[in-house]
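Results of the structural survey
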Amino acid sequence: GVRILVEAGDAPEPAHASQPAGGAAPEALADACRQLLALLDEGDPRVTAWLRAQTPALSHAFGPLFPSIAQAVHDYDYGRAHTLLRAAMDQRGIA
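All of these numbers come straight from a predicted model, not from anything done at the bench. (Residues numbered from 1 in each chain as written. Predicted model: local features only at pLDDT ≥ 70, side-chain atom pairs only at ≥ 80, totals over all residues. Heavy atoms only, no water.)

This next bit is on the nonpolar core. Ranked by size, the top nonpolar core spans 25 residues in total, and within it Cys33, Leu36, Leu40, Leu51, Leu58, Phe62 and Leu85 carry the most contacts. Elements with a contribution of two residues or more to this core: helix H1 (26-42), helix H2 (47-62), helix H3 (66-74) and helix H4 (78-92). Ranked by residue count, the leading element in this core is H1, at eight residues. (Core = buried A, V, L, I, M, F, W, Y, C linked by side-chain atoms within 4.5 Å. Buried < 20%, exposed > 50% of the residue type's maximum accessible area, 1.4 Å probe, protein only. Helix = DSSP H or I, 4+ residues; strand = E, 2+ residues; numbered from the N terminus.)

Enumeration over the complete set of coordinates arrives at one aromatic pair. Where Tyr76 meets Tyr78, the ring centres are 6.3 Å apart and the plane angle is 65°; that geometry is what we call edge-to-face. Residue class for Tyr76 comes out exposed when judged on its relative accessible area of 58%. By relative accessible area, Tyr78 is classed as buried at 13%. (Phe/Tyr/Trp six-rings, centres within 6.5 Å; stacked < 30°, edge-to-face > 60°.)

Encoded structure:
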């Protein structure tokens, strides 16, 4: 038979308040969130492409909270996206 070995890095980590990123370094996630907040504050249209590039990490970090953030960005509702992102960051303990 074929045995599939799972690398330790491939296994999803349980969400802990002390490890909000769940795979990404907490500092990298916080930096990404700050970049996204800045793009949203500026109303920068490049936010859509930036978010697309960051979706795997942010989706992993925020789980079920992420789709509503992404939808607000795609709807050009940057104020709502900012509010939702801030709430998600608070919930995950990201400063």
